[in-house]
Amino acid sequence: MDFTFTEEQQAAAEAARGVFAGVSPDGVPSPADTTGAVAEDFDRTLWARLADADLLSLLLDEESGGAGLDAIALCLVLRESAKVLARVPLLENSAATAAVQRYGGKEAKAELTARSGRGELVLTVAANGRTGHDPAGRAVTARRDGAGWVLDGVQTAIPWALDADFTVVPAHTDADRTVLALVPRDHEGAVLAEQISTTGERLGELRLESARIADRHVIDAPGAWEWLRDLLATGTCALALGLGEEVLRMTSAYTSRREQFGFPVATFQAVAVQAADRYIDLRAMEATLWQAAWRIGTGADGALPAAGDVAVAKIWASEGVRRVVQTAQHLHGGFGADTEYALHRYHAWAKHLELSLGPASAHEEALGDLLAAHSLG
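Residues numbered from 1 in each chain as written. Predicted model: local features only at pLDDT ≥ 70, side-chain atom pairs only at ≥ 80, totals over all residues. Heavy atoms only, no water.

Peer 1: Would you mind showing me how to read the pairing of strand 3 (residues 148-159) here?
Peer 2: Across the 12 residues of strand 3, 10 count as buried, placing the element largely inside the fold. Sheet topology places strand 2 (residues 140-145) next to strand 3; 6 bridges connect them, and they run antiparallel. Of the residues in strand 3, the one forming a bridge with A142 is L151. Linking strand 2 to strand 3, which pair antiparallel, is a turn of 2 residues; within it G146 sits at a positive phi near 65°. (Buried < 20%, exposed > 50% of the residue type's maximum accessible area, 1.4 Å probe, protein only. Helix = DSSP H or I, 4+ residues; strand = E, 2+ residues; numbered from the N terminus. Pairing = 2+ DSSP bridges.)

Right under this line is the structure:
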């Protein structure tokens with residue numbers, strides 16, 4: 001197993017570091033000090049900078065104006081974005097656009113991919129189902145009606161849904177297949193209601209009541225939803241890794257400055273052991289992330305389907321990022337709760353990432369099902 005990054009992947013990460021260098025995690029009001037959303041929109045200025053740096057089109061082919069890179073490159077960029085809590089739909093837009101390119105019809109590709117890669121259109125994905133605990137692909141029904149489709153159901157906790165131009169909605173058919181419907185914002189039969197995340201960002205609950213979707217906006221290809229879901233989960237792991245690395249850096253800096261009994265608390269054995277345990281968590285999160293991203297990017301065979309590697313990565317990401325922020329809060333003492341210090345924001349974002357696309361327990365169950373269905377002998 002060789003996790004050496006290519007020159008193109010390293011260049012994408014370097015470009016991301018340049019774009020995110022001036023971003024402050026305190027750019028909007030604290031979620032602890034607001035009763036509603038911390039902002040009415042995502043960071044459009046940063047979005048334009050990402051577009052100018054060609055970081056919104058990493059996964060697109062050259063014909064669509066992209067770089068033709070893979071999931072590893074996207075995860076490298078997402079890792080950097082999480083270190084500054086970048087308020088942009090980079091994961092959702094990139095994954096949805098890649099799914100349209102990979103599985104969509106000619107009309108959808110021509111209409112959406114190039115414009116999305118330039119930042120002119122924003123796509124998001126409804127991936128949390130009706131309650132956040134049931135499968136997203138079962139929350140909405142889709143039936144053919146003439147030259148289009150009719151959708152009914154509810155999807156909840158959709159990131160950036162109130163700001164996106166299209167929401168990709170998985171829906172199941174009478175034939176027990178899952179299709180992907182591209183639902184425009186302000187579409188007849190589609191009602192969006194505001195929800196607030198632990199991060200203070202706006203999420204959307206999408207209610208579909210006999211919403212008619214044109215055939216060109218429905219992806220009927222087998223495996224499309226499974227591929228998109230795996231890419232989203234893996235990207236979430238990359239966000240958790242970047243956030244965890246920044247939190248451990250903040251904790252190291254703080255405990256090196258803070259003194260008790262005349263010595264920096266970082267020199268105390270109990271502090272050093274806790275920090276070392278969290279470092280091990282981060283390295284495990286990193287190894288499992290790159291394994292999952294490599295499987296998705298290359299389509300390489302393995303003892304289990306790629307979904308198995310994604311499940312392992314998400315288990316480590318969910319549990320690891322939770323332990324990292326909890327230890328950070330403990331080692332910061334009361335200072336960690338100060339709303340003028342950014343750690344509380346990282347804690348809120350970590351909780352959101354821990355539960356996004358399913359908590360560790362959900363992925364443990366999915367991994368168990370895969371192990372039961374596939375012989376490893």
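After that view of the structure, there is still more to cover.
Peer 1: Would you take a moment to explain the pairing of strand 4 (residues 166-172) for this structure?
Peer 2: Regular strands place their side chains on alternate faces of the sheet. Within strand 4, 7 of the 7 residues are buried, which leaves it mostly tucked inside the rest of the structure. A two-sided burial pattern is seen for strand 4, the buried positions comprising F166, V168, P170 and H172 on one face and T167, V169 and A171 on the other. As judged from the 7 bridges shared by strand 4 and strand 5 (residues 178-184), these two strands associate in the antiparallel manner. In the sheet register, V168 faces strand 5, and the bridge partner there is L182. Hairpin connection, strand 4 to strand 5: the antiparallel pair is bridged by 5 residues, and D176 has positive phi, about 60°.

Peer 1: What am I meant to see in helix 9 (residues 343-355) here?
Peer 2: In an α-helix, one turn spans 3.6 residues; hence positions three or four apart end up facing the same way. For helix 9, built from 13 residues, the straight-helix expectation of 18 Å at 1.5 Å per residue is met to within 8% by its first-to-last C-alpha distance of 19 Å. The complete set of buried residues in helix 9 reads L343, H344, R345, Y346, A348, W349, A350, L353 and E354. Buried residues along helix 9 sit against helix 3 (71-83), helix 6 (224-257) and helix 8 (306-332). (Expected span 1.5 Å × (residues − 1). Contact = heavy atoms within 4.5 Å.)

Peer 1: Help me understand the packing of helix 7 (residues 269-298) against helix 8, please; the structure alone is not making it clear to me.
Peer 2: Helices that pack against each other are described as a pair by the angle of their axes relative to one another and the distance between those axes. Interhelical geometry of helix 7 versus helix 8 gives an angle of 155° and a closest axis separation of 8 Å. When the axis of helix 7 is compared with that of helix 8, the two are roughly antiparallel. As helix 7 runs across helix 8, the sense of the crossing is left-handed. Taken together, the residues of the contact of helix 7 with helix 8 break down into 16 nonpolar, 6 polar and 5 charged. (Axes fitted to C-alpha atoms, helices over the stretch in contact; angles between N-to-C directions. Parallel < 35°, antiparallel > 145°, perpendicular 65-115°, else oblique. Left-handed = near helix turned anticlockwise from the far one by under 90°. Nonpolar A, V, L, I, M, F, W, Y, C, P; charged D, E, K, R; others polar.)

Peer 1: Any chance you could explain the pattern of salt bridges here in plain terms?
Peer 2: Once their charged atoms are close, side chains differing in charge can pair, the charge on each being opposite to the other. In total, this model carries 31 salt bridges according to the counting rule given. A salt bridge links D176 to R138; its shortest N-O distance comes to 2.7 Å. Of this pair, D176 sits in the loop between strand 4 and strand 5 while R138 sits in the loop between strand 1 (123-125) and strand 2; the two residues are 38 residues apart in sequence, bridging distant segments of the chain. Residue class for R138 comes out partly exposed when judged on its relative accessible area of 46%. A salt bridge links R278 to D281; its shortest N-O distance comes to 2.9 Å. Within this pair, R278 and its partner D281 are both found in helix 7, separated by 3 residues, close to a single helical turn. Here R278 matches D281 in class, with each residue buried. Shared partners join several salt bridges into a network, and the residues in it are E14, R17, R79, E80, K83, E245, R283 and E286. (Salt bridge = Lys/Arg side-chain N within 4 Å of Asp/Glu carboxyl O.)

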